[in-house]
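# A structural walkthrough
Read off the chains here:
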Amino acid sequence: MRALVIDDSRAIRLILGQVMKKLGFEVVDAGDGQQALDKLKSDGPFDIALVDWNMPVMNGYDFVVNARKDPQYNDMRLMMVTTETEMAQVVKALEAGANEYVMKPFTKEMIAEKLSLLGLSIE
Amino acid sequence: MALNPGDFEYISKIVRGQSAIVLEKGKEYLVEARLTPLVASENLGSIAELAQQMRKDISGKLIAKVVEAMTTNETSFFRDIHPFEVLKNTVIPELIQKRESQKRLNIWCGASSSGQEPYTLAMLIRENFPQLKNWKLDFMASDISTEMQKRCQDGIYSQLEINRGLPAMLMVKYFQRSGAQWQIKPELRQMINFKILNLSGHWPLMPKMDLVMMRNVLIYFDVPTKKVILQKIRENMQPDGYVFLGAAETTLNLDVKYERMNFKQSGCYRIKEG
Amino acid sequence: MEIDFNLEISQYTKDIWEQILGLEVIPTTEDFSPTEKGTTLAGCVQIMGSWEGSVELLCPAELAKKVASIMFGTNLDETSEDDIKDALGELTNMTGGNIKSLVHDADQECFLSLPAVAVSDIQMHVPGTHEVAKATFKHENHLFAVRMLKKVEKKK
């Protein structure tokens, strides 16, 4: 399975990328929402995108809105992994089409449990 | 934090006496992991010092804290997804069908710990079986620990806990923000009756259960105690009810009157017919 | 209910440092003053909207380097300045995001800026703000601090 990790922090891209690789995913990453949209075209398809919220150029929320406009990405799960922790933000992301939500700081267990909820665990 | 064999033996003995939980050799890591936070919060320097204070503990307060720390369990919502899928797709629909005329269902979570399991089950029921709102639902959740029973009643979780295994959709629906914490909404809290119960001690009178959740708790007990608990569960169950044990647990060699259901990785059992 | 910001910041900071870095940090009453401890780095995020102000993470350069080496999985001597800025920026972002959830008004939107990281050997002064909380922490022999600054409301 393939995952797209989207975060403006290189450190988080690395850490989250490693977590996903350990969970059996092939990982591609992007530093903002626009780059991520480009990678969907050039490197897709992906089974899941892990999406930070606050990023330069295009934020993660706008990425979710844009990705959900295109029916060819309907099957891709979108999981926010963000420091935005207000209930209103969670609701906003889910309404825009995100499937799951992880609040930073995260652990490998959290990510694995959420993936299993999305039916993406590799056992 | 290092733990010397004498202190390990002493702590094991105390914990065994108060809770019937067995800490065999090799479980030193568990003692260290569970007691290190207590050592810090009691302003002690080491587990050795804690053990020393326990020996002088006439009031029993410190010992109670140690037993408490040793018996609580790290847990997440929807811990191991399989049993909940079996509950949703098979067990609860079947029970609803069988109890249709009485419209009554009795559920017991026997080791509720910090409440994730009973609340997960409560959410699952609300989400998938709205008709049960009009039934008489007797939902009991018990734990040996007073602190845990209080935590369950409050239903307050930290951000780290809320991140564990809980679908975001359900978080939005059944939780509310309480400062930095997240609290279960009253509607769900009121569904469950939280009690203190020592599984290896005296059990109160309870209704015949249709569903018993007893996952990952028997591992703490020695064989004779396990046998007694399994037998008492049977005596407190409807003949066609179900019990869930942890996926790695078994009634094999403990109680011949149970049969394991052929539900994938769910640890689901019922009483053999006849 | 009054929120005890120092207490909440302590909890969030402990969680972040433990979950992401695996480092134990202990809240302390010792004062961390950047001027005395050699080079200090400051990570800063702005909160804008229903609550306005900023959150700062003040961290000695040596500790910031250790943080970066853990996050990037590199040796201390091969940790670059960019790695350090990125790592400290992300820690500041996580701290700020958590604090934002405490202060924002549920009915209005509240935004978090991207983090900025600077070398700061004097205590940063952000004009038009006052300090509402400062929590100091200890990791091994290093002290570091989280400050929360609120914009002073203009008189009408």
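Residues numbered from 1 in each chain as written. Chains lettered and ligands numbered in written order. Predicted model: local features only at pLDDT ≥ 70, side-chain atom pairs only at ≥ 80, totals over all residues.

### Focus: the interface of chain A and chain C
In many reports, interface size means the accessible area that the parts give up when they come together. Chain A puts 17 residues into the contact, and the matching count from chain C is 19 residues. Tallied by class, the residues present in the side of chain A that touches chain C amount to 8 nonpolar, 5 polar and 4 charged. (Contact = placed C-beta atoms within 7 Å. Nonpolar A, V, L, I, M, F, W, Y, C, P; charged D, E, K, R; others polar.)

### Considering the packing of helix α1 (residues 5–19) of chain B against helix α3 (residues 47–55) of chain B
Residues and elements named next belong to chain B. Relative orientation of the contacting elements α1 and α3 amounts to 50°, with a least axis distance of 10 Å. The angle between the axes of α1 and α3 places the two elements in the oblique class. The hand of the α1/α3 crossing is left-handed. Contact with α1, carried on its side by Asp7, Tyr10, Ile11 and Ile14, involves Ile47, Ala48, Ala51 and Met54 of α3 and no other residues of that element. (Axes fitted to C-alpha atoms, helices over the stretch in contact; angles between N-to-C directions. Helix = DSSP H or I, 4+ residues; strand = E, 2+ residues; numbered from the N terminus. Parallel < 35°, antiparallel > 145°, perpendicular 65-115°, else oblique. Left-handed = near helix turned anticlockwise from the far one by under 90°.)

### Focus: the interface of chain A and chain B
Tallying the contact residues gives 14 residues for chain A and 13 residues for chain B. Considering only residue class, the side of chain A that touches chain B consists of 10 nonpolar, 2 polar and 2 charged.

### Considering the sheet that holds strand β4 (residues 175–178) of chain B
All names here are of chain B. Spatial strand order, β3-β5-β4: 3 strands in an open sheet with antiparallel pairing. Each edge of the open sheet is held by one strand with a lone partner, namely β3 (156–157) and β4. Where β4 meets strand β5 (residues 181–184), 4 bridges bridge the pair, whose relative direction is antiparallel. Bridge assignment links Arg177 to a residue of β5, and that residue is Trp182. (Pairing = 2+ DSSP bridges.)

### Points about unusual backbone geometry
Glycine aside, a negative phi is what most residues show, and trans is what most peptide bonds show. A cis amide bond links Gly44 of chain A to the next residue, Pro45 of chain A, at an omega of 0°. Locating Pro45 of chain A in the fold gives a position in the loop between α2 (33–43) and β3 (48–51). Cis geometry is adopted by the peptide bond preceding Pro105 of chain A, which originates at Lys104 of chain A and carries an omega value of 0°. Mapped onto the elements, Pro105 of chain A comes out in the loop between β5 (100–103) and α5 (108–117). Of note, Asn43 of chain B is a non-glycine position whose phi angle comes to about 60°, a positive value. By the element assignment, Asn43 of chain B lies in the loop between α2 (28–41) and α3. Owing to 7 C-beta atoms within 10 Å, Asn43 of chain B belongs among the exposed residues under this scheme. (Buried ≥ 20, exposed ≤ 12 C-beta atoms within 10 Å, placed from the backbone.)

### Some points on the domain arrangement of chain B
Residues and elements named next belong to chain B. You can read the domains of chain B as domain 1 (5–71) and domain 2 (81–271). Here the C-alpha centre of domain 2 lies 28 Å away from the C-alpha centre of domain 1. Across the contact, 6 residues belong to domain 1 and 9 residues belong to domain 2. Split by residue class, the side of domain 1 that touches domain 2 holds 3 nonpolar, 2 polar and 1 charged. (Domains from an automatic or database assignment.)

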